[in-house]
Amino acid sequence: LLKQKANSSNESLSACQTDTKKKDPLKVGKSPEGPAVNGSGDVVKAKATNETDNASAKDSPPPAKPKSKKVAMDKNLNGTKSDGKGCKGKKKNGNVLKEQDDIRHKRRKAEEHTEQQPKEAEIWFDDVDPNDIEAAIGPEAAKIARRNLGLATGQSKQSVEQVLVKEKAFEGLTRAVAMDCEMVGVGPKGEDSIVARVSIVNQFGKCVYDKYVKPTEEVTDYRTAVSGIRPENINKGEDFKTVQKEVAEILNGRILVGHALRNDLKVLFLDHPQKKIRDTQRYKPFRQRVKTAQPSLKLLCEKLLNVQVQTSEHCSIQDAQAAMRLYTLEKKKWEAAVKNKSNTKNCK
């Protein structure tokens, strides 16, 4: 009976081994020993040796852990491997670098802007039209030029005064003076002219002489809209002969500046040496700049001084100041041209 039981146990054990081989042939094949049977006939599984365990570990290495998205992104962006901890550091470094690039860019732009802006010390403004400077260099240079020349950019009455008259300047007679006359009409249609007012200013625009003149003939047209003369102005004016004499004394030996001076000298019945006349209407560089053969005083002031005169009734003082300011704007060049012309005549 015991033998029969042992045989049945062996058969069962053989069947189990066969099934195990079918299910896991690699694991079973590596086991160096078969199953053991104890004294009571029970099957005891054999333990794997250390060598078997080590071999199994070598043959089947542990699977690699998938990299995180952050690490992969860092690798793609920077071309280097990175771990999760280094990602924040690289982002921080990237922001710092970006800020530094922005600072350098702004600094470079500021330097370029500064280079483009003219420095006052680098610009020569004497006898140069600010409008020409604006066209050649730019508005900033023109602004500096007008400031250095004492010109204002506004169009108010105060700004015109500031442009044409130098503050706290000498108020007496100077080597050059500017004169302007206002006239009224006489004759059947008022077409002929007689002097009604004479104004003279010095080189700084300060008025040194201003008198209304009594008419020597019956006035048929006061031309008030242009001349600003009214009957009450000239009825109490100075005698013509007195004014003529006083003006002649002032002009004697001096440079006479004005606009269309032949008309002013004609109504005063005076003459003046041609070499001492500076007529802003006949000055060739002024004609070339405004592209007009006989430019008006108003046009010259608007284009060259950036101010408006004669906007309503004319004022002989302001017209004389405007002519003088135009002359001082070109004084060096103008006087040099007169000197060269005189030397050429003497050589001939």
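Conventions used here
Residues numbered from 1 in each chain as written. Predicted model: local features only at pLDDT ≥ 70, side-chain atom pairs only at ≥ 80, totals over all residues. Heavy atoms only, no water. Core = buried A, V, L, I, M, F, W, Y, C linked by side-chain atoms within 4.5 Å. Buried < 20%, exposed > 50% of the residue type's maximum accessible area, 1.4 Å probe, protein only. Helix = DSSP H or I, 4+ residues; strand = E, 2+ residues; numbered from the N terminus. Salt bridge = Lys/Arg side-chain N within 4 Å of Asp/Glu carboxyl O. Arc of directions from axis to C-beta. Disulfide = S-S within 2.5 Å. Expected span 1.5 Å × (residues − 1). Contact = heavy atoms within 4.5 Å. Phe/Tyr/Trp six-rings, centres within 6.5 Å; stacked < 30°, edge-to-face > 60°. Axes fitted to C-alpha atoms, helices over the stretch in contact; angles between N-to-C directions. Parallel < 35°, antiparallel > 145°, perpendicular 65-115°, else oblique. Left-handed = near helix turned anticlockwise from the far one by under 90°. Nonpolar A, V, L, I, M, F, W, Y, C, P; charged D, E, K, R; others polar. Patch = residues over 30% accessible without salt bridge, like charges linked within 9 Å, V, L, I, M, F, W, Y side chains within 5 Å. Areas by Shrake-Rupley, 256 points an atom, 1.4 Å probe, with all protein chains shown as cover. Lys, Arg positive; Asp, Glu negative; His and termini not counted. Charge placed at Lys NZ, Arg CZ, Asp CG, Glu CD. Polar contact = N/O pair within 3.5 Å; in protein donor to acceptor, adjacent residues only side chain to side chain.

Peer 1: I would appreciate a short explanation of the nonpolar core in the present structure.
Peer 2: Residues Leu 164, Cys 301, Leu 305 and Leu 326 are the most contacted members of the largest nonpolar core, which totals 28 residues. Broken down by secondary-structure element, the contributors of at least two residues to this core are helix H8 (157–164), strand S3 (176–186), strand S7 (255–258), helix H13 (284–290), helix H14 (297–305) and helix H15 (316–329). A total of 8 residues in this core trace back to one element, the largest contributor, which is H15. Within the second largest apolar cluster, 20 residues are counted, among which are Val 177, Met 183, Val 247 and Ile 250.

Peer 1: In this structure, what is going on with the pattern of salt bridges? I would like to understand it.
Peer 2: Counted according to the given criterion, the structure contains 6 salt bridges. A salt bridge links Glu 246 to Lys 211, with the nearest nitrogen and oxygen atoms 3.0 Å apart. Linking Glu 246 in helix H11 (residues 240–251) with Lys 211 in strand S5 (residues 207–212), this pair joins segments that are 35 residues apart in sequence. We classify Glu 246 as partly exposed; its relative accessible area is 24%. Note on Lys 211: relative accessible area 24%, which makes it partly exposed. Between Arg 289 and Glu 330 there is a salt bridge, and its shortest N-O distance comes to 2.8 Å. Of the two residues, Arg 289 is situated in helix H13 and Glu 330 in the loop between H15 and helix H16 (331–347); the sequence distance between them amounts to 41 residues. For Arg 289, a relative accessible area of 27% translates into the label partly exposed. Ionic contacts of the salt-bridge type, sharing partners, join the residues Lys 211, Glu 238 and Glu 246 into one network.

Peer 1: Just to check I follow, could you spell out H14 for this structure?
Peer 2: Given 3.6 residues per helical turn, the α-helix brings residues three or four places apart onto the same face. Here H14 has its buried residues at Leu 297, Leu 300, Cys 301, Leu 304 and Leu 305. Seen from one end, H14 has its buried residues packed into an arc of 100 degrees, which puts them on one side. Positive phi shows up at Asn 306, right after H14, with a value of about 60 degrees.

Peer 1: I would appreciate a short explanation of the state of the cysteines in the present structure.
Peer 2: Simply put, the disulfide is a covalent bond whose two ends are the sulfur atoms of two cysteines. Counting across every chain of the model gives 0 disulfides. In this model Cys 315 remains outside any disulfide bridge; the closest cysteine sulfur is found in Cys 207, 8.6 Å from its own. By relative accessible area, Cys 315 is classed as partly exposed at 28%.

Peer 1: Whenever I open this one, H11 confuses me. Can you help?
Peer 2: The terminal C-alpha atoms of H11 lie 16 Å apart, and with 12 residues this matches the ideal 16 Å at 1.5 Å per residue to within 8%. Those residues of H11 that fall on the buried side of the exposure criterion are Phe 240, Val 243, Gln 244, Val 247, Ile 250 and Leu 251. Taken around the axis of H11, the buried residues stretch over an arc of 130 degrees, which confines them to a single face. Facing away from the buried side of H11 by more than 90 degrees, the exposed set consists of Lys 241, Lys 245 and Glu 249. At its buried positions, H11 is contacted by S3, strand S4 (192–201), S5, S7 and helix H12 (261–268).

Peer 1: What is the right way to look at the packing of aromatic side chains in this model?
Peer 2: One pass over the full model with this rule turns up 5 aromatic pairs. Measuring from centroid to centroid gives 6.0 Å for Phe 286 and Trp 334, while their planes differ by 85 degrees, and the two rings are edge-to-face. Linking Phe 286 in helix H13 with Trp 334 in helix H16, this pair joins segments that are 48 residues apart in sequence. Of the two residues, Phe 286 and Trp 334, both sit in the buried class. Through a chain of ring-to-ring contacts, the aromatic side chains of Tyr 283, Phe 286, Tyr 327 and Trp 334 assemble into a single cluster.

Peer 1: Quick question: what am I supposed to make of the packing of H14 against H15 here?
Peer 2: In a pair of packed helices, the angle between the axes and the distance between the axes together describe the arrangement. Taken N-terminus to C-terminus, the directions of H14 and H15 make an angle of 45 degrees; their axes are 11 Å apart at the nearest point. Here H14 is positioned oblique relative to H15, judged by the angle of their axes. For the pair H14 and H15, the crossing hand works out as left-handed. Touching Leu 297, Leu 300, Cys 301, Leu 304 and Leu 305 of H14 are Asp 319, Ala 322, Ala 323, Arg 325, Leu 326 and Leu 329, all from H15. Its residues placed into classes, the contact of H14 with H15 shows 9 nonpolar, no polar and 2 charged.

Peer 1: Would you mind going over the packing of H15 against H16 with me for this structure?
Peer 2: H16 packs onto H15 with a crossing angle of 75 degrees between their chain directions and a minimal axis gap of 5 Å. Comparing the axis directions of H15 and H16 gives the class roughly perpendicular. On H16, the residues touching Tyr 327, Thr 328 and Leu 329 of H15 are Lys 331, Trp 334 and Glu 335.

Peer 1: Can you walk me through a positive patch on the surface in this structure?
Peer 2: Where like charges cluster on the molecular surface, the positive patch consists of Arg 262, Arg 282, Lys 341 and Lys 345. Mapped onto the secondary structure, Arg 282 falls in the loop between strand S8 (277–279) and H13.

Peer 1: For this particular structure, what's the right way to read the side chain of Glu 182?
Peer 2: Its place among the elements puts Glu 182 in strand S3. Put simply, Glu 182 is tucked away with no salt bridge, and the nearest opposite charge, on Arg 197, sits 6.2 Å away. One polar contact links the side chain of Glu 182 to the main-chain amide nitrogen of Ser 316, over a distance of 3.2 Å.

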